[in-house]
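The residues making up each chain are set out below.
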4 protein chains.
Amino acid sequence: MRYADNKAEGIKIAYIGGGSRGWAWGLMSDLAACDDMSGEVWLYDIDTDAARKNEIIGNKFNFAKGAKSAWSYRAVKEIGEALTGCDVVVISILPGTFDEMESDVHTPEKYGIYQSVGDTTGPGGIIRAMRTVPMFEEFALNIKKYCPDAWVINYTNPMALCVKSLYRVFPEIKAFGCCHEVFGTQKFLAEMVKEVFREENVERHEIKVNPVGVNHFTWLTSAAYRNVDLFPYYKEFCVKYKDGYTNGKPVDTNWMNGAFATSEKVKIDLFNRFGYIAAAGDRHLAEFCEGKWYLESPERVKEMKFALTSVQSRKEELKLRLAKSERLASGEEEPAINKTGEEGINQIRALMGLSELVTNVNIPNRGQIPNLPLGAVVETNAYFCANSLTPVFAGPIPKTIYPLISRVCSEQEAVSEGIAQRDVNKIFAAFANDPLVICTIGDAKKLFDEMCKNTAKYLKMYEF
Amino acid sequence: MRYADNKAEGIKIAYIGGGSRGWAWGLMSDLAACDDMSGEVWLYDIDTDAARKNEIIGNKFNFAKGAKSAWSYRAVKEIGEALTGCDVVVISILPGTFDEMESDVHTPEKYGIYQSVGDTTGPGGIIRAMRTVPMFEEFALNIKKYCPDAWVINYTNPMALCVKSLYRVFPEIKAFGCCHEVFGTQKFLAEMVKEVFREENVERHEIKVNPVGVNHFTWLTSAAYRNVDLFPYYKEFCVKYKDGYTNGKPVDTNWMNGAFATSEKVKIDLFNRFGYIAAAGDRHLAEFCEGKWYLESPERVKEMKFALTSVQSRKEELKLRLAKSERLASGEEEPAINKTGEEGINQIRALMGLSELVTNVNIPNRGQIPNLPLGAVVETNAYFCANSLTPVFAGPIPKTIYPLISRVCSEQEAVSEGIAQRDVNKIFAAFANDPLVICTIGDAKKLFDEMCKNTAKYLKMYEF
Amino acid sequence: MRYADNKAEGIKIAYIGGGSRGWAWGLMSDLAACDDMSGEVWLYDIDTDAARKNEIIGNKFNFAKGAKSAWSYRAVKEIGEALTGCDVVVISILPGTFDEMESDVHTPEKYGIYQSVGDTTGPGGIIRAMRTVPMFEEFALNIKKYCPDAWVINYTNPMALCVKSLYRVFPEIKAFGCCHEVFGTQKFLAEMVKEVFREENVERHEIKVNPVGVNHFTWLTSAAYRNVDLFPYYKEFCVKYKDGYTNGKPVDTNWMNGAFATSEKVKIDLFNRFGYIAAAGDRHLAEFCEGKWYLESPERVKEMKFALTSVQSRKEELKLRLAKSERLASGEEEPAINKTGEEGINQIRALMGLSELVTNVNIPNRGQIPNLPLGAVVETNAYFCANSLTPVFAGPIPKTIYPLISRVCSEQEAVSEGIAQRDVNKIFAAFANDPLVICTIGDAKKLFDEMCKNTAKYLKMYEF
Amino acid sequence: MRYADNKAEGIKIAYIGGGSRGWAWGLMSDLAACDDMSGEVWLYDIDTDAARKNEIIGNKFNFAKGAKSAWSYRAVKEIGEALTGCDVVVISILPGTFDEMESDVHTPEKYGIYQSVGDTTGPGGIIRAMRTVPMFEEFALNIKKYCPDAWVINYTNPMALCVKSLYRVFPEIKAFGCCHEVFGTQKFLAEMVKEVFREENVERHEIKVNPVGVNHFTWLTSAAYRNVDLFPYYKEFCVKYKDGYTNGKPVDTNWMNGAFATSEKVKIDLFNRFGYIAAAGDRHLAEFCEGKWYLESPERVKEMKFALTSVQSRKEELKLRLAKSERLASGEEEPAINKTGEEGINQIRALMGLSELVTNVNIPNRGQIPNLPLGAVVETNAYFCANSLTPVFAGPIPKTIYPLISRVCSEQEAVSEGIAQRDVNKIFAAFANDPLVICTIGDAKKLFDEMCKNTAKYLKMYEF
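Here is what the cut-offs are and how they apply
Residues numbered from 1 in each chain as written. Chains lettered and ligands numbered in written order. Predicted model: local features only at pLDDT ≥ 70, side-chain atom pairs only at ≥ 80, totals over all residues. Heavy atoms only, no water. Contact = heavy atoms within 4.5 Å. Buried area = accessible area lost by both parts, 1.4 Å probe. Salt bridge = Lys/Arg side-chain N within 4 Å of Asp/Glu carboxyl O. Polar contact = N/O pair within 3.5 Å; in protein donor to acceptor, adjacent residues only side chain to side chain. Helix = DSSP H or I, 4+ residues; strand = E, 2+ residues; numbered from the N terminus. Nonpolar A, V, L, I, M, F, W, Y, C, P; charged D, E, K, R; others polar. Pairing = 2+ DSSP bridges. Buried < 20%, exposed > 50% of the residue type's maximum accessible area, 1.4 Å probe, protein only. Domains from an automatic or database assignment. Least-squares fit on C-alpha atoms with pLDDT ≥ 70 in both.

Listed per partner, the contact involves 25 residues of chain A and 25 residues of chain C. Between chain A and chain C lies a buried interface of about 2200 Å² when both sides are counted; carbon and sulfur atoms form 63% of it. It is Arg226, Asn227 and Phe393 of chain A in chain A that bury the most area against chain C; as a group they hold 32% of the surface buried on that side. Where chain A packs against chain C, one counts 2 salt bridges. Note that lysine 208 of chain C is salt-bridged to glutamate 356 of chain A, the shortest N-O span being 2.9 Å. Linking chain A to chain C there are 6 residue pairs in polar contact (both at pLDDT 80 or more). Elements that contribute at least two residues to the side of chain A that touches chain C include exactly strand 12 (356–364), strand 13 (377–385) and strand 14 (388–391) of chain A. For the side of chain A that touches chain C, a count of residues per class yields 13 nonpolar, 8 polar and 4 charged.

This is how it looks when you write it as structure tokens:
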């Protein structure tokens with residue numbers, strides 16, 4: 001990498017999971033739209049064909065309308081080739097297949113346990129961690145070997161456990177996890193500001209927040225617009241919209257438009273009960289709460305106006321993306337540059353020394369949240385600049401929400417230790433105690449065993 | 001108080017709840033059996049007659065067989081009179097009546113929530129805290145006023161919240177909470193040692209332990225006999241007795257003998273799952289775990305071979321004790337000196353400078369358990385000597401059991417804040433998240449409201 | 001205060017010490033040059049005439065060339081009048097007169113103790129704290145009474161002890177201390193970058209640093225330009241310029257040009273010994289080190305190419321500023337708008353919600369430096385935005401420089417406690433242990449007593 | 001090791017430095033006087049002859065008058081032979097010879113730096129650490145290899161740095177450092193109690209203290225006799241005896257009787273200044289304070305009524321001990337059993353499970369002193385029992401003495417890091433900043449170089 005004319009040239013990015021048909025294209029788009037960086041993107045994926053297709057697509061982005069910089073894409077078969085000499089590593093993989101995910105998400109339903117996402121926490125998240133973390137251990141070893149000074153950005157779930165495992169294996173790694181869930185809450189607050197203050201054009205960046213917690217269960221202990229504390233307004237807002245906020249559209253149709261749209265009713269209910277702003281999508285928030293609260297049954301989910309994401313729907317969506325991949329690679333469809341709104345590019349720019357930035361990330365707790373365990377991966381603001389990433393001191397979690405968050409964080413610490421030691425009993429001890437596991441401990445064990453068996457192909461490192 | 005001939009004379013003890021028909025007689029017996037202290041015991045109780053009866057009984061203890069010291073008992077009507085100039089304050093009260101306790105314990109059963117004790121945690125413990133803590137705030141103010149230098153020993157439940165409130169109101173107070181549950185586990189381990197090592201006469205004091213946690217949910221991170229680590233032996237023992245340990249007697253009869261006898265099956269199951277020794281009676285341990293684990297139903301309780309303590313049985317037992325009170329006061333029955341096995345007297349002796357002692361107590365966390373919140377009341381060993389009480393550094397709670405314990409401790413912190421602020425919403429937020437509250441959040445609210453209503457007489461300081 | 005057209009209007013600033021002939025004019029200039037804020041500045045000073053003169057001068061700034069905003073200045077006699085309803089409080093006072101400062105700086109010389117500034121640490125700093133802190137206690141009480149929500153910016157020395165006392169008296173205060181010493185080091189590093197990288201026009205803002213320590217004894221644990229770690233370059237640079245860096249000019253003339261110019265030789269020597277970048281002017285740094293290192297004698301100071309600031313020179317400089325004050329007030333001289341390079345205005349803008357900013361400030365340690373005492377006032381980066389100020393997590397101080405910094409910080413804590421308790425013995429205990437106090441403890445006591453006597457007029461709250 | 005009849009038999013103790021003519025005989029005497037332990041003592045020393053002589057002497061102790069147990073002594077040439085299978089390791093070595101110690105203690109005198117002991121801190125202590133710590137690294141590796149479960153008791157100075165290095169190399173080691181300096185202060189307080197309370201026969205064990213700090217610079221934050229706080233009495237006592245306490249004998253003769261007798265005048269002066277009880281001999285305390293306070297010159301030492309220990313006197317004393325060794329080995333003199341008053345045997349008994357004990361030791365800070373760095377070796381009380389050693393929570397060091405103690409502790413941390421990294425510059429950075437190094441930094445460097453050169457034979461692992 002080198003500077004010329006206030007630009008950073010020759011940046012080398014390695015993309016692990018470079019065959020992705022989603023995140024990868026978003027990154028391509030954002031890179032192309034960036035006018036002060038250029039370089040190479042090396043795509044590595046166990047699905048070599050997918051990576052090769054993305055090589056073609058990525059290179060086409062250079063010629064897309066609105067492209068401001070040139071990036072050369074190259075698919076490789078060996079991870080070492082991708083990593084050698086790189087400045088930035090992006091990790092965004094699907095650990096296992098949708099078959100494993102199907103077990104993660106749907107097997108627990110037999111025991112009355114419903115999960116809206118199933119990739120972060122709960123039975124699904126824990127089993128997913130069991131197969132993903134060993135992959136990340138490999139990544140960490142390779143990064144240590146091939147590019148120990150590179151910045152590593154993870155997008156894979158379960159976020160906290162993936163990032164934790166990178167640091168466990170290679171403590172000097174410069175890794176962080178990126179997630180847009182807090183952004184969604186900032187947008188929601190921007191909507192509120194527009195309504196309450198009768199403002200137009202309030203951007204999410206204008207909503208300044210102090211997030212604390214763990215990924216997908218992040219809470220805001222402050223939120224302000226300009227110099228105005230938003231809490232009193234949000235309090236009124238949550239009373240007004242206690243049945244869900246659908247932004248002027250009739251409730252019935254809006255929140256069911258898709259699996260990912262919500263009415264924010266869970267978020268609003270949590271505020272009304274706990275007095276702090278939960279800052280993730282309702283589908284994620286619900287999974288960290290006691291199973292009977294929001295996920296007792298499909299009916300309860302409907303009542304709370306969010307949705308269970310079936311793996312079937314994911315499979316169907318994948319088909320669409322595969323078709324799009326074909327069209328993009330063949331030239332049938334032109335790649336379009338649409339800013340994703342993700343912070344990835346801004347973070348890279350700041351780390352390369354082109355700007356500075358405060359935004360939320362997932363990194364090990366060094367004390368930024370004094371009442372969570374040191375070393376646990378937490379989500380707070382951090383300051384990106386000049387090849388450095390420093391957490392902002394977020395402060396202790398308030399007592400009212402501390403039981404909720406510390407429970408989750410300590411569960412992750414226990415799961416992490418269990419996986420690191422390949423100790424299935426320890427993992428189960430955490431599993432049985434998860435907020436969603438509302439069955440008897442005997443049933444919990446049956447469920448755990450069944451889920452492990454279903455995904456056994458990826459769990460060969462454990463002794464059962 | 002003064003020294004003479006290596007004895008401490010003229011000690012003044014104030015007993016709040018001095019009309020007690022149980023703990024009070026135990027204290028009388030232990031005091032009489034102690035040969036190097038003497039003095040006065042001032043009995044204060046809202047039930048003045050009960051206190052007066054105990055004055056009579058107490059004074060009779062001086063003439064009991066085996067009495068080695070003389071204590072003068074006196075019942076008073078004003079708490080200030082009891083406290084003025086005293087060296088030691090004992091607090092052992094029944095907050096409210098058995099009617100309130102009936103609601104605490106049994107109202108949740110309507111919602112499928114069973115409690116084996118109901119006075120420490122769970123719905124019963126929280127509601128009980130709501131009425132008890134304001135009483136303890138009063139005690140703290142009186143102690144500050146009348147005897148700020150006195151040592152204060154609390155026996156009342158919910159232990160942690162009572163002790164916490166004393167320190168909240170009067171931070172310089174020299175208070176601690178005393179509980180015999182860890183002793184019971186030491187005895188159980190002594191039984192194991194006898195069996196495994198074929199030793200006779202192993203005393204609980206010979207089992208050296210490092211307790212961590214909160215009252216009634218204390219765990220041992222180490223246990224040794226002589227210089228032998230007991231964990232490997234306990235591991236085998238818990239496999240052997242996974243169906244319960246009944247000490248050679250037929251299972252069926254033994255554990256059902258009474259509400260308080262157990263087969264230790266919960267304790268053994270917890271070890272088999274978590275790898276550390278839970279150190280309280282099964283009836284207490286069960287209440288801190290997920291509701292479905294051990295308290296799902298009366299059948300499950302039976303299967304786990306412990307018992308639900310009905311308030312009816314308490315009422316009947318009280319009748320017996322009232323009758324005994326009459327007999328003792330009238331002289332129909334002679335008071336008998338039987339060492340209770342409690343540490344209270346030993347603690348007082350050490351604090352008066354007559355000896356030194358390491359034993360477990362409940363005091364605010366100053367760092368003795370680094371991964372629980374500072375200021376939360378925790379149970380660890382402490383060193384008593386020469387007018388001082390210093391916690392032993394217990395160390396961080398191991399990751400496998402940390403989710404269980406930190407959840408409980410952080411709930412207590414939230415309840416404490418809610419009660420201090422008389423903020424019913426905050427209290428309910430903690431209530432809804434309690435491990436035993438396995439109903440929906442809607443039902444949880446109904447239950448909370450009903451329980452508050454049932455005990456409204458004692459909750460006038462809250463706005464509902 | 002209100003928003004209109006992305007500007008903040010009607011801001012009310014209270015200036016305590018508003019008669020200042022220096023800082024005040026700088027603020028006036030910076031305010032006038034700011035195009036998105038306007039409002040009022042209320043000047044309070046015990047020297048009412050000086051404040052009134054500044055009212056005249058301030059109002060003239062509205063008509064200065066380059067003025068972009070209008071600010072109305074008003075001198076008042078009562079501090080409450082200035083504070084009521086204000087958004088921002090600026091404190092910049094001279095505690096006592098130059099006569100007291102003369103004693104602070106020069107009395108110790110009799111005992112062989114030389115001080116280059118004498119207002120922050122050492123004998124001079126401690127005695128100055130004794131008379132300043134009680135004034136700040138008053139300010140804190142007034143702020144609590146009249147404008148508890150205002151942001152309070154302190155420029156007065158001793159910085160750390162002044163800010164500490166504000167928080168001690170009014171813990172909820174939103175106060176911070178501002179100092180430009182780190183900026184000077186950034187500029188010095190920018191000079192280095194220009195020389196080493198042959199760049200032109202490197203601005204101090206482009207040098208990204210992580211400061212840790214206490215005011216005037218701040219150290220950088222990282223420094224980068226773009227994404228380049230500057231430590232290896234600085235290491236070579238400090239070897240090359242071990243005799244001082246005078247930026248191409250002959251050494252002899254440059255560093256003696258004025259009391260405030262230095263050759264950075266102390267800073268360079270500290271790097272060569274300790275491996276971290278000391279980040280304040282040499283005159284300040286020298287005062288925190290063992291007295292024999294850099295301040296043993298005037299000859300040693302000369303050898304190290306910095307200067308002792310005599311109070312006589314300050315008195316002469318004041319005369320010039322008084323004359324300028326007359327000229328400005330009378331209209332003989334036009335006020336000129338020259339950006340001071342201070343961050344004050346940028347901080348206010350960010351706090352008012354107009355921008356965001358990461359820069360160094362002095363605030364109580366909440367954990368941003370984990371190995372300094374909680375509550376001690378430390379200097380680190382902080383994130384200013386939207387009515388909030390949050391420390392960046394600076395991390396623990398490295399072991400090599402920890403003895404230097406922790407010594408100073410713990411001395412300040414001891415002095416602070418001594419002053420708070422008006423306990424002269426405690427203050428002297430800290431005084432005797434100060435790095436500059438290299439005389440015997442007997443002489444230290446004589447010196448302390450003499451200095452207290454010299455400034456007795458301002459020390460009536462102590463019992464000697 | 002095995003139990004029989006409440007005794008521990010077959011204990012194997014390895015003694016590194018087993019040729020000692022002092023500590024070794026004390027241990028032999030204490031072991032012989034102990035009636036519930038027996039076993040073997042394996043003596044290892046680089047001076048094999050000395051070890052062999054002690055083998056003879058040790059075995060004679062079994063027949064001494066008052067011997068209650070039998071211990072078999074055996075000298076070996078290989079450290080591994082001594083360590084294999086042992087239960088307890090005692091380390092008590094002289095690192096280097098009296099020639100090195102001569103340089104440690106007396107070279108600094110050329111620069112006006114006087115040291116009363118020179119083996120713990122100051123120039124002498126640091127240089128001694130440079131040669132001792134690498135030896136301890138070897139010991140730690142051997143213990144890890146041959147007896148990882150053994151308890152390791154260190155008596156060698158510099159205590160804190162020796163113990164620290166054991167843990168650095170082998171973190172699981174069960175090591176602690178033992179020192180009798182606090183005992184001396186307890187004895188002094190017992191003298192005071194006798195005088196003030198007109199008691200006879202007050203034993204040091206009856207004085208209950210809470211020590212905090214680092215070895216040889218330990219302070220008491222509380223001290224009590226029975227239940228009486230001794231601080232108010234000590235305050236009066238220190239006023240009365242501000243010129244030294246000589247226990248009724250004329251001052252002139254008493255304190256000069258020997259190098260080790262003192263008048264406690266330093267200790268008393270420190271109390272009068274700082275309000276806490278310094279708890280080590282005056283010769284040690286003086287070395288941790290600013291050089292000008294108590295060690296400015298031999299005259300000042302005389303004035304303070306303590307003494308400089310010349311290495312010459314040590315050499316002469318050694319001759320006497322060598323002669324005694326000959327007499328003991330030859331049988332010319334009978335070994336006599338005199339209890340040393342050391343806690344070593346009591347600690348071993350408690351660790352073997354024969355008793356329990358609270359006493360002061362040197363171990364890494366796990367949080368027992370919250371405001372000293374974690375991992376630094378600190379001295380506090382600890383609880384010995386049943387194969388475990390747990391620190392008592394000593395609490396934070398009070399602000400008034402924190403600057404003194406934290407300075408020393410952080411210096412040790414810096415020296416430790418420097419030695420671990422064999423980084424002479426880092427070591428010198430700490431050396432230059434030591435309280436005793438009151439010369440210029442230039443002279444400090446000359447002194448450091450000279451001392452390193454003088455002891456170069458033992459410093460071959462460093463690059464200069």
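Now for the interface of chain B and chain A. In this assembly, 31 residues from chain B lie in contact with 31 residues from chain A. Interface area, chain B with chain A, both sides summed: about 3000 Å², of which 57% is carbon and sulfur. Across the contact surface, chain B and chain A share 4 salt bridges. Counting every contact that joins chain B to chain A gives 4 residue pairs in polar contact (both at pLDDT 80 or more). Secondary structure elements with two or more residues in the side of chain B that touches chain A: helix 10 (265–274), helix 12 (291–294), helix 16 (402–420) and helix 17 (424–432) of chain B. The greatest single-element share of the side of chain B that touches chain A, amounting to 10 residues, is contributed by helix 16 of chain B. Classifying every residue of the side of chain B that touches chain A gives 13 nonpolar, 6 polar and 12 charged.

Residues and elements named next belong to chain C. Relative to strand 14 (residues 388–391), strand 13 (residues 377–385) is paired through 4 bridges, and the arrangement is antiparallel. In the strand pairing of strand 14, phenylalanine 384 is matched with leucine 389. With antiparallel pairing between neighbouring strands as the criterion, strand 13 and strand 14 make up a hairpin whose turn holds 2 residues, including alanine 386 at a positive phi of roughly 45°.

This next bit is on helix 4 (residues 98–106) of chain D. Residue and element names in this part refer to chain D. Within helix 4, 7 of the 9 residues are buried, which leaves the element mostly enclosed by the surrounding structure. Turning to helix 4, its buried residues are Phe98, Glu100, Met101, Ser103, Asp104, Val105 and His106. Residues of helix 4 that are buried sit in contact with helix 5 (122–146), helix 14 (311–330) and helix 18 (441–454). Of the residues flanking the start of helix 4, the one acting as N-cap is threonine 97, its side-chain oxygen 3.0 Å from the backbone nitrogen of aspartate 99.

Looking now at the pairing of strand 8 (residues 207–214) of chain C. Regular strands have side chains that alternate between both faces of the sheet. Residues and elements named next belong to chain C. Burial within strand 8 is extensive, with 8 of its 8 residues counted as buried. The two faces of strand 8 match: Ile207, Val209, Pro211 and Gly213 on one face and Lys208, Asn210, Val212 and Val214 on the other face are all buried. In terms of strand pairing, strand 8 meets strand 9 (residues 217–225) through 8 bridges, oriented antiparallel. Across the sheet, residue asparagine 210 finds its bridge partner in strand 9, namely serine 222. Taking the residues that link successive antiparallel strands as the turn, the strand 8-strand 9 hairpin has 2 residues, and the phi of histidine 216 there is positive, at about 75°.

A separate point is the domain arrangement of chain A. All names here are of chain A. Looking at chain A, the domain boundaries give domain 1 (2–97 + 119–178) and domain 2 (98–118 + 179–309 + 342–464). Averaged C-alpha coordinates put domain 1 and domain 2 at centres separated by 23 Å. In this assembly, 50 residues from domain 1 lie in contact with 61 residues from domain 2. Of the roughly 4600 Å² buried between domain 1 and domain 2, counting both surfaces, carbon and sulfur atoms make up 69%. Taken together, the connections running from domain 1 to domain 2 amount to 17 residue pairs in polar contact (both at pLDDT 80 or more). Those elements that provide at least two residues to the side of domain 1 that touches domain 2 are strand 2 (7–16), helix 1 (23–33), helix 5 (122–146), strand 6 (151–154), helix 6 (159–169) and strand 7 (174–177).

Turning our eyes to something else, we now look at unusual backbone geometry. Here the amide bond leading from asparagine 157 of chain C into proline 158 of chain C is cis, since omega sits at 0°, within 30 degrees of zero. Along the polypeptide, proline 158 of chain C turns up in the loop between strand 6 (151–154) and helix 6 (159–169). Phi is positive for asparagine 6 of chain D, close to 60°, though the residue is something other than glycine. Mapped onto the fold, asparagine 6 of chain D is located in the loop between strand 1 (2–4) and strand 2 (7–16).

Quick look at the relation of the copies chain B and chain A now. Relative to chain A, chain B is turned by 180° and slid 0.0 Å along the rotation axis, the superposed coordinates differing by an RMSD of 0.0 Å. The operation mapping one copy onto its partner corresponds to a two-fold rotation axis. Identified as the residue of chain B closest to the rotation axis by C-alpha distance is arginine 407 of chain B, at 2.8 Å. Most of the interface of chain B is mirrored in chain A: 100% of its interface residues are interface residues there too.

All right, on to the environment of glutamate 463 of chain C then. All names here are of chain C. If you trace the backbone, glutamate 463 turns up in the segment after helix 18 (441–454). Judged by its relative accessible area of 72%, glutamate 463 is exposed. Placed 425 residues apart in sequence, glutamate 463 and serine 38 show a C-alpha to C-alpha distance of 47 Å.

Here we take up the relation of the copies chain A and chain C. Both copies of the chain are related by one operation, a rotation about an axis with a shift along it. Relative to chain C, chain A is turned by 180° and slid 0.0 Å along the rotation axis, the superposed coordinates differing by an RMSD of 0.0 Å. The residues that chain A uses at the interface reappear at the interface of chain C in 100% of cases, marking a shared surface.

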